[in-house]
Amino acid sequence: MFARVARRYDFANLLLSGGFSKHWTARLADSAAKSAAGSGSPALSTTSAVPPVHHGRCATTGAAEAAGATAAGAPLSVADLATGSGDVAFALAERLAATGSAGARITGLDFCEPMLAIARERAQSISHPTLPVPHFALGDCLDLPLPDASQDIVTIAYGVRNFQDRARGLREIFRVLKPGGSAHILEFSQPRRWLRPFYYFYLRALLPLIARAATGDKSAYQYLGASISAFPDAPAFAAELRAAGFATATFTRPTLGIVAIHKAVK
Ligand SMILES: C[S@@+](CC[C@H](N)C(=O)[O-])C[C@H]1O[C@@H](n2cnc3c(N)ncnc32)[C@H](O)[C@@H]1O
């Protein structure tokens, strides 16, 4: 299904979300970058050989942190799961560079090759010298091709709703995070009660029609509406994160709760 809509995916996203999708992606990237900034160690500043990066926090923090190193001196490892055409990975690259983690290694994983092909094309057009260039690879979120405790940060936008086995996917995210690492999850949620009748009408009746005009594919967007309605609300999803092993799971609900941004710490 994602392969069918890949070429028109970004445009359809922007259109169907009324332009909000960029804003939500930015909020997710901000959340992850904030956690990344907290995982560096100014104590390493005098020993790092990484050249300084002239962005934001760099002037006041250590060079290792400025370059995106962790307290152990290794580059910050960030995985964007269900990365699709790479929107979150690219937003992360910009945020991490701006908040002093330009040396971070960003890996975007997805099991849909046509989506990854678009992400790779976009990566080739990055020419900014201090932006980390995300690397994109094939990977199933239910069986991640990443070692245990290997990632400082995991992000995922509009991915968990599509998992065949959500509990297993959340356990995989937990497995690949380092202790103290954090997962940042953007997903559609159940909006404020008064908005629900209008919102569900939009999802069921209007969205598939607009989507068919924009992408030529009505059924993919009928699925979208149905999967959003069936997804747990933010407190219930936070409980699923805790059940997967996370020590804490908090969330914010921008735009009247149409989406939720969850942060879960291992
Ligand atoms: C709605 S798109 C979101 C793409 C991107 N994160 C974004 O914000 O635009 C969902 C993506 O999740 C991927 N996906 C769904 N289930 C997956 C799984 N089990 N493993 C890897 N990718 C998966 C699909 O291939 C698709 O590219």
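Higher on the page you've got the structure.
Reference entry: report on the structure contained in this document. (Residues numbered from 1 in each chain as written. Predicted model: local features only at pLDDT ≥ 70, side-chain atom pairs only at ≥ 80, totals over all residues. Heavy atoms only, no water.)

### Details of the site of the ligand
Then, in step 1: Not every one of the 17 residues close to the ligand is listed here, only the nearest: Ala82, Asp110, Asp140, Cys141 and Ala157.
Then, in step 2: Here a nitrogen atom of the ligand and a backbone polar atom of Phe111 are 3.3 Å apart.
Then, in step 3: Between the ligand and the protein, one listed contact pairs a nitrogen atom with a backbone N or O atom of Ala157 at 3.0 Å.
Then, in step 4: Grouping the amino acids of the shell around the ligand by side-chain chemistry returns ten nonpolar, five polar and two charged. (Near = heavy atom within 4 Å. Polar contact = N/O pair within 3.5 Å; in protein donor to acceptor, adjacent residues only side chain to side chain. Nonpolar A, V, L, I, M, F, W, Y, C, P; charged D, E, K, R; others polar.)

### Section: a nonpolar patch on the surface
Then, in step 1: A surface patch of nonpolar side chains, amounting to about 450 Å² of accessible area, comprises Phe11, Leu15, Phe201, Leu206 and Ile210.
Then, in step 2: Looking at the nonpolar patch, the elements with two or more residues in it are α2 (9–16) and α8 (196–215).
Then, in step 3: It is α8 that provides the largest number of residues to the nonpolar patch, a total of three residues.
Then, in step 4: Mapping Leu206 onto the fold places it in helix α8. (Patch = residues over 30% accessible without salt bridge, like charges linked within 9 Å, V, L, I, M, F, W, Y side chains within 5 Å. Areas by Shrake-Rupley, 256 points an atom, 1.4 Å probe, with all protein chains shown as cover. Salt bridge = Lys/Arg side-chain N within 4 Å of Asp/Glu carboxyl O. Helix = DSSP H or I, 4+ residues; strand = E, 2+ residues; numbered from the N terminus.)

### Considerations on the pattern of salt bridges
Then, in step 1: Considering all chains together, one arrives at nine salt bridges under this definition.
Then, in step 2: With a shortest N-O distance of 3.8 Å, Asp87 and Lys22 are connected by a salt bridge. In this pair, Asp87 is assigned in helix α5 (residues 87–98) and Lys22 in helix α3 (residues 20–38), connecting sequence segments 65 residues apart.
Then, in step 3: We note a salt bridge from Glu113 to Arg120, for which the minimum N-O separation is 2.7 Å.
Then, in step 4: Residue class for Glu113 comes out partly exposed when judged on its relative accessible area of 36%.
Then, in step 5: What makes Arg120 partly exposed here is its relative accessible area of 32%. (Buried < 20%, exposed > 50% of the residue type's maximum accessible area, 1.4 Å probe, protein only.)

### Structural notes on the nonpolar core
Then, in step 1: Grouped together as the largest cluster of nonpolar side chains are 47 residues, with contacts concentrated most on Val78, Leu96, Leu186, Phe188, Tyr199 and Tyr221.
Then, in step 2: Considering every element that reaches this core, the biggest residue donor is α5, with seven residues.
Then, in step 3: Setting aside residues up to four positions removed in sequence, Val78 forms contacts with Leu92, Leu96, Ala104, Arg105, Ile106, Thr107, Gln151 and Ile153. (Core = buried A, V, L, I, M, F, W, Y, C linked by side-chain atoms within 4.5 Å. Contact = heavy atoms within 4.5 Å.)

### Let's talk about α3
Then, in step 1: A rise of 1.5 Å per residue sets the reference length of α3, with its 19 residues, at 27 Å; its end C-alpha atoms lie 28 Å apart and thus fit the reference within 8%.
Then, in step 2: Along α3, the residues that are buried comprise Ser21, Trp24, Thr25, Ala26, Leu28, Ala29, Ser31, Ala32, Ala33, Ser35, Ala36 and Ala37. (Expected span 1.5 Å × (residues − 1).)

### Description of unusual backbone geometry
Then, in step 1: A positive phi angle, near 55 degrees, is found at Tyr158, a position not held by glycine.
Then, in step 2: Positive phi, normally seen in glycine, also occurs at Leu256, with a value near 60 degrees.
Then, in step 3: Examined against the element boundaries, Leu256 turns out to sit in helix α11 (residues 254–257).

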